[in-house]
Amino acid sequence: MVICGHIHQENYQTHKHIQFMSSPSMCFQFTPDIDEYRLDEKMPGYRWVNLFDDGSFDTEVIRLPMNESLMPDFSSKGYK
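**Q** Just checking my understanding: could you explain the sheet that holds strand β2 (residues 11-15) for this structure?
**A** Adjacent strands of a sheet pair through backbone hydrogen bonds, lying either parallel or antiparallel. As summarised here, the arrangement of the three strands in space is β1-β3-β2, forming an open sheet in which the pairing is mixed. Only two strands of the sheet have a single neighbouring strand rather than two, namely β1 (2-4) and β2. Across the sheet, the mean angle from the axis of one strand to that of its neighbour is 15°, orientation sign disregarded.

Written as structure tokens, this is what we have:
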């Protein structure tokens with residue numbers, strides 16, 4: 001398994017039997033799979049991983065509860 005963070009999106013893909021995962025940001029999220037900048041309405045979050053002795057694992061992305069004080073400015077035209 002390969003895990004990375006700080007890309008402002010969650011992702012989970014498998015390539016040649018290797019799992020590649022990313023964690024969402026604990027800040028605002030970028031909308032995935034689009035060509036131009038846009039903030040996503042998903043709340044900040046994190047990924048937890050539970051490792052087992054046999055080499056298997058469980059993983060889940062947990063999002064923070066909806067909170068108006070954590071919402072970004074959706075009228076923003078870019079990340080500064």
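This is not the end of the story, as more comes after the structure.
**Q** Help me understand the environment of Tyr-46 in this model?
**A** As for its position among the elements, Tyr-46 is in strand β6 (residues 45-51). Once the C-alpha coordinates of Tyr-46 and Ile-62 are considered, the two residues, 16 residues apart in sequence, prove to be 5.5 Å apart. Residues contacting Tyr-46, with those up to four places away along its chain left out, are Pro-24, Met-26, Glu-60, Val-61 and Ile-62.

**Q** Looking at this structure, I do not really get the side chain of Asp-40. What am I missing?
**A** If you trace the backbone, Asp-40 turns up in strand β5 (residues 39-40). Buried Asp-40, no salt bridge; nearest opposite-charge side chain is Lys-42, N-O distance 4.6 Å. A polar contact of 3.3 Å, which involves the side chain of Asp-40, links it to the backbone nitrogen of Lys-42. In this structure Asp-40 touches Gln-29, Phe-30, Thr-31, Pro-32 and Phe-74, once residues within four positions along its chain are discounted.

**Q** Sorry, what's going on with unusual backbone geometry here?
**A** With glycine set apart, most residues show a phi of negative sign, and most peptide bonds adopt trans. Despite not being glycine, Lys-16 shows a phi value in the positive range, around 50°. Phi is positive for His-17, close to 65°, though the residue is something other than glycine. Within the secondary structure, His-17 is located in the loop between β2 and β3 (18-22).

**Q** Hey, could you run me through the pairing of β6 in this one?
**A** As judged from the seven bridges shared by β6 and strand β7 (residues 57-63), these two strands associate in the antiparallel manner. By the bridge assignment for β7, Tyr-46 is matched with Ile-62. The hairpin turn running from β6 into β7, its antiparallel successor, is five residues long, and Gly-55 in that turn takes a positive phi close to 90°.

What counts, and where the lines are drawn
Residues numbered from 1 in each chain as written. Predicted model: local features only at pLDDT ≥ 70, side-chain atom pairs only at ≥ 80, totals over all residues. Heavy atoms only, no water. Pairing = 2+ DSSP bridges. Helix = DSSP H or I, 4+ residues; strand = E, 2+ residues; numbered from the N terminus. Axes fitted to C-alpha atoms, helices over the stretch in contact; angles between N-to-C directions. Contact = heavy atoms within 4.5 Å. Buried < 20%, exposed > 50% of the residue type's maximum accessible area, 1.4 Å probe, protein only. Lys, Arg positive; Asp, Glu negative; His and termini not counted. Salt bridge = Lys/Arg side-chain N within 4 Å of Asp/Glu carboxyl O. Polar contact = N/O pair within 3.5 Å; in protein donor to acceptor, adjacent residues only side chain to side chain.

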